[in-house]
Number of protein chains: 4
Amino acid sequence: MRNTFGNVFTLTSFGESHGEAVGGVIDGMPAGIEIDKEFIQHELERRRPGQSALTTSRKEPDQVELLSGVFEGKSTGAPIGFVVRNTNHHSQDYENLRCLFRPSHADYTYYNKYGLRDHRGGGRSSARITISRCVGGALAKLALRQVGVSIAAYTSQVGDICTDPDYRRYDIAAAETNPVRCPDSEVAAQMEQLIRKVKAVGDTIGGVVTCVIKGCPPGLGEPEFGKLHAALGAAMLSINAVKGFEYGEGFAGVTARGSQQNDVFVNRGGRIATATNHSGGIQGGISNGEDIYFRVAFKPVATVLMEQQTVDMGGEPTRFTARGRHDSCVVPRAVPVVEAMAAMTLLDYYLIAKTVRL
Amino acid sequence: MRNTFGNVFTLTSFGESHGEAVGGVIDGMPAGIEIDKEFIQHELERRRPGQSALTTSRKEPDQVELLSGVFEGKSTGAPIGFVVRNTNHHSQDYENLRCLFRPSHADYTYYNKYGLRDHRGGGRSSARITISRCVGGALAKLALRQVGVSIAAYTSQVGDICTDPDYRRYDIAAAETNPVRCPDSEVAAQMEQLIRKVKAVGDTIGGVVTCVIKGCPPGLGEPEFGKLHAALGAAMLSINAVKGFEYGEGFAGVTARGSQQNDVFVNRGGRIATATNHSGGIQGGISNGEDIYFRVAFKPVATVLMEQQTVDMGGEPTRFTARGRHDSCVVPRAVPVVEAMAAMTLLDYYLIAKTVRL
Amino acid sequence: MRNTFGNVFTLTSFGESHGEAVGGVIDGMPAGIEIDKEFIQHELERRRPGQSALTTSRKEPDQVELLSGVFEGKSTGAPIGFVVRNTNHHSQDYENLRCLFRPSHADYTYYNKYGLRDHRGGGRSSARITISRCVGGALAKLALRQVGVSIAAYTSQVGDICTDPDYRRYDIAAAETNPVRCPDSEVAAQMEQLIRKVKAVGDTIGGVVTCVIKGCPPGLGEPEFGKLHAALGAAMLSINAVKGFEYGEGFAGVTARGSQQNDVFVNRGGRIATATNHSGGIQGGISNGEDIYFRVAFKPVATVLMEQQTVDMGGEPTRFTARGRHDSCVVPRAVPVVEAMAAMTLLDYYLIAKTVRL
Amino acid sequence: MRNTFGNVFTLTSFGESHGEAVGGVIDGMPAGIEIDKEFIQHELERRRPGQSALTTSRKEPDQVELLSGVFEGKSTGAPIGFVVRNTNHHSQDYENLRCLFRPSHADYTYYNKYGLRDHRGGGRSSARITISRCVGGALAKLALRQVGVSIAAYTSQVGDICTDPDYRRYDIAAAETNPVRCPDSEVAAQMEQLIRKVKAVGDTIGGVVTCVIKGCPPGLGEPEFGKLHAALGAAMLSINAVKGFEYGEGFAGVTARGSQQNDVFVNRGGRIATATNHSGGIQGGISNGEDIYFRVAFKPVATVLMEQQTVDMGGEPTRFTARGRHDSCVVPRAVPVVEAMAAMTLLDYYLIAKTVRL
C-alpha cells in the first residue's frame with residue numbers, strides 16, 4: 001500500500017520530480033543472485049527521456065547508485081537501497097502552476113488530500129518516479145532469469161493504429177529497434193507519424209502496451225484475493241496514465257461462447273498443456289504453465305501545450321498554458337515500466353508459492 | 001493477500017462449494033454503525049442462485065449468521081465473524097471429476113499448486129465463495145451510507161448486446177426489476193433472450209458489469225501503488241471469471257487526444273468540480289469528488305454442458321460431460337458481487353484517508 | 001495487526017466472551033498435512049475452564065467445528081474456518097457492570113476508544129477469546145511435528161514460588177500431571193497451596209510461564225524488525241495479562257560479562273553447535289539450531305472478589321463487587337496458550353524462511 | 001516484517017556497517033508537519049559513536065540527507081527517503097573474520113540462512129544500522145510533539161548498579177548531562193566506573209533502559225494481536241542486543257496480589273484517571289491516558305577483546321581475537337534508539353486509532 005509494492009519481494013519507493021533524488025529500497029531480493037549493474041543501468045536507459053525526438057527533451061543521466069545489499073557482486077538477502085539523483089530540473093517552468101490546478105493532473109486531488117503540495121513538475125505524481133520501478137524490475141528480472149522466466153512488452157496500439165492482436169506473430173525483441181517500441185516495423189512507422197502529427201499541434205495521444213511472460217512455471221498465484229492476474233492488474237493500474245487492464249481474451253472475449261473459449265488440456269510430450277490459450281496462462285488465478293499475456297491502456301497524457309481553462313486554489317476561474325518538456329505519447333517509454341511491474345509481481349509470487357507446502 | 005482483502009477494513013474469507021459452510025471475519029468495521037441484518041440478508045439474496053430461470057437451479061437459503069462484533073444492534077469495533085451453511089450440495093455430481101481436470105477451470109492449477117484438491121464443485125475456486133464478499137460488502141455499504149457514498153452496478157453487456165455506454169442515461173435502480181439486471185428494459189429483454197438461446201444448447205456467454213459510485217468525497221486513494229483505481233481494479237479482477245477492468249474512458253480513450261479528454265476544472269457553486277468526467281472521478285489515483293465509474297469484463301463461464309476433451313491426473317487424454325447446476329451467464333448474479341467489492345474498497349480507503357494528517 | 005496474527009501462516013480471530021461464538025480463520029496452513037481433530041480438541045481441553053478446583057467454574061464443552069480447508073483428512077491449502085459456540089454465558093452476572101469501569105480491566109479503554117462496549121464478561125477483551133489461539137496453535141503444531149519441531153511450556157513461578165531456573169533439569173511433559181502445570185511435583189504442590197490460599201480470600205496472584213522449543217532448524221528469523229525473538233515477544237505480549245517477556249538469559253543476563261555469556265561454537269559430530277546456550281537459541285534474531293527458551297510474566301488477574309472503588313461512565317465515584325466465575329491464577333491455563341502462540345510464530349517463520357533463496 | 005517497521009507510519013531501512021550508506025524510507029509521515037532538520041541531526045548525534053571515552057572510537061559525522069517528502073520546510077505526505085554515508089569503515093579490521101563465526105554474533109546464523117554473508121563489521125546485523133531508526137524516530141517525535149506526546153528514556157541499570165525503580169523520582173532530562181545517560185548523577189558515576197573497569201580488561205557489560213511516555217491520549221492500541229504494549233515490545237526486542245521487555249510492574253508484579261496491583265479509577269478534575277499506575281498506562285492493550293513506562297534489557301555485547309574459541313566455515317575449531325572499535329557497554333548509546341522505536345510505535349498507533357470510527 002502507499003509507496004510499497006509487493007508482499008515478499010518488495011519495492012518501497014521515494015522521490016519527486018524536482019526533489020533531490022528518486023530511489024527506494026528493495027527488500028526480499030533472494031540471496032546469492034549475481035547483480036549485473038550494467039543490466040540495471042540499461043533498463044533505466046530504456047525508460048530515460050530524450051532517447052529520441054518522440055520523447056520529452058528532459059535529459060538526465062539517470063545514473064543509479066546501489067547503496068547496500070550487494071557484497072562481492074552478489075545479493076546478500078539484505079535490503080538494497082538505491083538512489084538516482086535529479087540533476088536537470090527546471091523548477092521555474094512550473095512557478096506559474098503554484099496556485100492553480102492543471103486539468104486531469106493530480107494537482108487538485110493532492111492538494112485536497114494533503115493540504116499542501118509540491119507543485120514542481122507534478123511532485124510525487126510525476127512519471128519520473130517510475131525510475132524506482134525500473135530498478136526494482138531490473139533486479140527482479142535478474143532473479144527470474146535464473147528460473148527461466150522472461151518478460152517482454154511492446155507498443156501494440158497508438159491512437160487507432162494497432163498491431164495484429166496475436167502477439168505470437170511477432171518477434172518481440174524487434175520492438176527495441178524503433179523509437180515507438182513496436183515489433184511490426186510498418187505499423188511502427190505509422191505510429192511514429194501519428195505521434196509527430198499530434199506533437200506538432202501540442203497535443204497528446206494514448207495507446208496500449210501488450211506484455212508477454214514466457215517460462216512461468218505452473219502454480220504461481222494465490223486463490224481469492226491474491227489471484228495472479230489481480231496482482232498483475234493492480235501493478236499495471238498503478239502506473240501513471242493507465243486506464244485499463246485485460247488479460248487473455250479480455251474484453252473481446254465476452255462475446256464468445258464458453259465452448260469456443262475453453263482451453264482443453266492435452267498431453268504435450270509428458271507435460272500437461274492446453275491446446276489453445278484463451279485463458280492467458282492463468283486459470284483460477286494461478287498460472288498453468290502457458291504464456292501469460294495482457295494488455296494495458298494508457299490515456300493521452302494530460303499536459304497539452306495549448307491554453308486551457310481551470311480554477312486556482314481559491315476556486316477562481318483562470319487560464320494557463322503548460323510549459324516545460326513533455327511526452328506527446330507516453331506509451332513507448334511505458335514499455336519498460338510495464339515489464340518492470342510484471343517482473344516484480346512474478347518474482348513476488350514465485351517466492352510466495354514456495355510457502356504453500358512444508 | 002491470499003484470503004484477506006483490504007488494509008484497514010478487511011474481509012478474511014473461508015469456505016468451499018461443498019464444505020460445511022462459507023464465511024469469514026470482517027475486521028476494522030467502524031464502531032457505532034447500526035447493523036441492519038435484513039439489509040445484509042437482502043444483499044445475499046441478490047447473489048443467491050435460483051432467483052430466476054436464467055440462473056443455476058442450486059437452491060439454498062444462504063442464511064447468514066453474525067457471530068460477533070455486534071452489540072445491541074451496533075458494531076462494536078470488534079471483528080465480525082459470520083457463517084453461511086452449505087445445505088444443498090450434490091457432491092455426487094462431481095464424483096466423475098475426481099481424477100480429471102476440467103478445461104478452463106482451476107482444477108489443474110490447484111492440483112499442481114497444492115498437490116491435492118477438493119474436486120467437489122470447484123472447491124475453494126467456486127463462485128459460491130463470493131457469498132463472503134457480499135456479506136463484507138453489505139457491512140461496508142452500511143458504513144458508507146452514513147457518509148453519503150452510494151454504489152450501484154448493472155449489466156451493461158451480454159455477448160454482443162450492449163446498453164448505451166453513458167451510464168447517466170439510466171436510472172440504475174431499475175436494473176433490479178429484471179432478471180439480467182440491466183436498467184434498459186428493451187436491452188434487458190434482448191439479453192435475456194440471448195442467454196436463453198445459449199442455455200438451450202448447454203453453452204455459456206460472457207458480459208460486462210458497469211459500476212457507478214456517487215458521493216465519494218475527494219481525497220480517497222493513496223499515491224504510487226495504492227491508487228484508488230488500482231485497488232478497485234485488483235478487487236474486481238479477484239472476482240471469479242473476470243478478465244478485464246477499465247475506468248473512466250478506459251480502453252476506448254486511447255484513441256482520443258489529450259485536449260479532448262482533459263477534464264477542466266470549474267467552480268460549481270463554491271465546489272471545485274470538473275466540466276466533464278472522462279477521468280472517471282479519479283486523478284493521480286485519488287478521488288476528485290466526481291462520479292467514479294468503471295467496467296468489468298466477465299468471460300463465458302467454463303462449465304458447458306457438452307462433452308469436452310481433457311486429460312486426467314496422470315496426463316492421459318479422456319473425455320467428459322459436466323453435470324450439475326450451472327449458470328449460462330454469470331453476469332446478472334455478479335452485479336451484487338461487483339458492488340460488494342467496490343464498497344469494501346471504498347470504505348477501506350475512506351478509513352485510510354483519515355491517517356494522512358494528524 | 002488488530003485481529004490477525006502472522007504473516008504467511010495467519011490466524012484471524014473473532015468472538016466475545018458472551019457472544020454467539022468465538023472462532024477464526026487460519027490461512028496459510030501448508031497443504032497436505034494430516035488434520036488430527038482429536039489433537040486439536042485435546043489442545044482446547046488443556047485451556048478449558050473447570051479442569052480443576054483451581055480454575056474458574058465456567059464449564060463449557062468448547063467443542064471446535066472446522067468448517068473448511070480440510071478434505072479427506074488433509075489440509076488443502078485453503079483457509080480453515082472454525083467456530084466454538086459459547087454455551088454457558090451468565091450475562092446477568094455482568095449487568096451491574098454495564099455503567100461502570102472495573103479497575104485494571106479494559107472496560108474504560110474500550111469505551112473510550114470505540115464509544116460503546118460489550119460489557120458482558122469483558123467482551124472482546126476476555127481471556128475466553130484465547131480459544132481461537134489454541135486452535136491455531138494446534139494446527140501449527142501438527143505441521144511443525146512433521147519437520148521435527150516441538151514446543152512445551154510449563155508454570156515456572158506462582159507468586160514467589162519458583163522452579164529451578166534451568167529448564168533442562170525437568171521432564172516438561174510431567175507438568176501435565178498436576179493442575180498447576182509445573183514439572184516439579186514438590187514445587188507444584190506449594191504453588192497449588194498458594195493459589196488456594198489466595199482464592200480463599202477472593203484475591204488473585206500472578207506467575208511466570210517458561211517455554212522451550214526443541215528441534216528448531218537454524219535460519220528462522222528475519223533481520224532488523226522481524227527478529228525471531230521479537231516475533232515471539234510480540235506473540236506473548238499479546239496474550240491477556242502478560243506484562244513481560246525475556247529470552248535466553250533475559251534480564252538476569254545484564255549483570256554478567258560478555259566473556260561469560262558468549263556461546264562459543266563447537267563442532268558437535270559434524271554439526272556446528274554452541275558449547276553453552278545463554279543466547280536462548282537465537283543470534284542476531286535468527287535461530288541457530290539450539291533450544292529456544294523464554295519466559296513470560298503474567299500479572300495477577302484484575303477480577304478480585306472484593307469490593308472495589310471505581311467511577312461510572314459519567315465519571316462519578318462508585319463502588320462494586322465482581323460476581324461471576326474467575327480464575328485466581330491464570331498461569332496454569334495460560335500454558336497451552338503460550339505454546340499455541342509459539343507454535344504459530346514458529347510455523348510462520350519456518351514458511352517465511354523458504355523465501356530467502358530462489 | 002523484515003526491514004519495514006510499522007503499519008501506517010512506516011520505516012523501511014537499508015544498509016550495512018561497511019557498505020556505501022545506511023538509510024531508509026519513511027512512509028506515512030502526516031502531511032504539514034514542520035521538519036526541523038537540526039533536531040533530526042541532533043537525535044543522530046545522541047546515538048553517534050565517539051561521544052565520550054565510554055563508547056567506540058569509530059568517529060563518523062553521520063550526517064543525514066533528506067532526499068524527498070519535504071517541501072518548503074514541511075512534510076508533504078510523500079515518502080521521505082534519506083541516506084547517511086558510511087565514511088570511516090576500517091574493513092581490514094575484519095578480514096580475519098571472513099571465514100569464521102564470532103561467538104554470540106549473527107555470523108553463523110546469517111551464513112546459514114543466506115548462504116553467504118558480508119563479514120565486514122557485522123554487515124546488516126551491525127548496531128550501526130540503528131541510525132535509520134533514529135531518523136525515523138526523530139520524525140515521529142516531531143509529529144508527536146504537535147499532539148502533546150513526549151518520550152524520554154534513560155539508563156536505569158548497568159551490570160548490578162541500578163537507579164531507584166520509580167522513574168518519577170527523577171528529572172529524566174538530566175540523563176543527557178552525563179555519558180552513561182543516567183538521571184541520578186551519583187549512580188551515573190558508579191556506572192561509569194564499572195564500564196571503565198570492564199573496558200580495561202577488554203570485556204563488556206549489559207544493562208537496562210527505562211523509557212517513559214507522557215501525554216499519550218487514551219485509546220491507542222488495537223485489541224488482540226495489536227496491543228500497544230505488544231507493539232512496543234516487538235519494537236524494543238528488535239533492537240540489537242535486547243533480551244527482555246517488561247512494562248508497568250513487569251516481572252516483579254507477578255508476586256503481588258490482584259487487590260494490591262489494581263489501579264482504581266478516580267475522577268481527577270473531570271478526567272477519568274487511575275489512583276495508581278501499576279498497569280503502566282495500558283489496559284487491555286489500549287492506553288488509558290496515564291504515563292506509559294517500560295524497561296528494556298540489553299545483554300553484554302558479544303565483542304570482547306580477548307582470545308576466544310570458535311569454528312570456521314568448514315566447522316573446524318579455531319581461535320581468534322576481535323579487533324576494531326567497540327563499545328564496552330551499549331546501553332548509553334541505546335537510549336536514543338529506545339526512544340526512537342517508542343516514538344515510531346506511538347505515532348503509528350496514533351494514526352491507526354483514527355480509523356476506528358467513521
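Residues numbered from 1 in each chain as written. Chains lettered and ligands numbered in written order. Predicted model: local features only at pLDDT ≥ 70, side-chain atom pairs only at ≥ 80, totals over all residues. Heavy atoms only, no water.

Under an unreviewed UniProt entry, chain A has the name Chorismate synthase and belongs to Marseilla massiliensis. What UniProt records for chain A under Sequence similarities (unreviewed entry) is the sentence "Belongs to the chorismate synthase family." Under the UniProt heading Catalytic activity (unreviewed entry), the note attached to chain A is "5-O-(1-carboxyvinyl)-3-phosphoshikimate = chorismate + phosphate". (UniProt positions renumbered as here; feature names shortened; annotations may be inferred.)

When chain C is fitted to chain D, the best match, at an RMSD of 0.0 Å, comes from turning it 180 degrees and sliding it 0.0 Å along the axis. Each copy turns onto its partner about a two-fold axis. By residue overlap, the copies meet face to face through one surface: 100% of the interface positions of chain C are interface positions in chain D. (Least-squares fit on C-alpha atoms with pLDDT ≥ 70 in both. Contact = heavy atoms within 4.5 Å.)

For the rest of this paragraph, the subject is the sheet that holds strand 9 (residues 161-162) of chain D. Spatial strand order, 9(C)-8(C)-10(C)-16(C)-11(C)-11(D)-16(D)-10(D)-8(D)-9(D): ten strands in an open sheet with antiparallel pairing. The open sheet terminates on both sides in strands that have one partner only, identified here as strand 9 (161-162) of chain C together with strand 9 of chain D. Two strands pair when backbone bridges link them, and strand 8 (residues 150-158) of chain C and strand 9 of chain C are joined in this way by two bridges, in the antiparallel orientation. Paired with Val-158 of chain C across the two strands is Ile-161 of chain C, which belongs to strand 9 of chain C. Set on the sheet, helix 5 (residues 228-237) of chain C makes contact with strand 10 (207-214), strand 11 (242-247) and strand 16 (292-298) of chain C together with strand 11 (242-247) of chain D; between it and strand 11 of chain C the angle comes to about 160 degrees. Its contacts with the sheet place helix 7 (residues 331-353) of chain D against strand 8 (150-158), strand 10 (207-214) and strand 16 (292-298) of chain D, and it is angled at close to 145 degrees to strand 8 of chain D. (Pairing = 2+ DSSP bridges. Helix = DSSP H or I, 4+ residues; strand = E, 2+ residues; numbered from the N terminus. Axes fitted to C-alpha atoms, helices over the stretch in contact; angles between N-to-C directions.)

Moving on to the side chain of Asp-203 of chain C. Within the element layout of this structure, Asp-203 of chain C appears in the loop between helix 4 (185-200) and strand 10. Although Asp-203 of chain C lies buried, it forms no salt bridge, and the closest oppositely charged side chain, Arg-257 of chain D, sits 5.0 Å away as judged by the N-O distance. Among the polar contacts listed, one links the side chain of Asp-203 of chain C to the backbone nitrogen of Gly-258 of chain D, at a separation of 3.3 Å. Every residue in contact with Asp-203 of chain C, bar those within four places of it in the chain, is listed here: Val-198, Val-304, Met-306 and Ser-328 of chain C together with Arg-257, Gly-258 and Ser-259 of chain D. (Buried < 20%, exposed > 50% of the residue type's maximum accessible area, 1.4 Å probe, protein only. Lys, Arg positive; Asp, Glu negative; His and termini not counted. Salt bridge = Lys/Arg side-chain N within 4 Å of Asp/Glu carboxyl O. Polar contact = N/O pair within 3.5 Å; in protein donor to acceptor, adjacent residues only side chain to side chain.)

All names here are of chain C. Across five bridges, strand 17 (residues 307-311) lies against strand 18 (residues 317-321) in antiparallel orientation. Residue pairing across strands places Thr-310 opposite Thr-318, the latter belonging to strand 18. The turn linking strand 17 back onto strand 18 is made up of five residues, and Gly-315 within it adopts a positive phi angle of 90 degrees.

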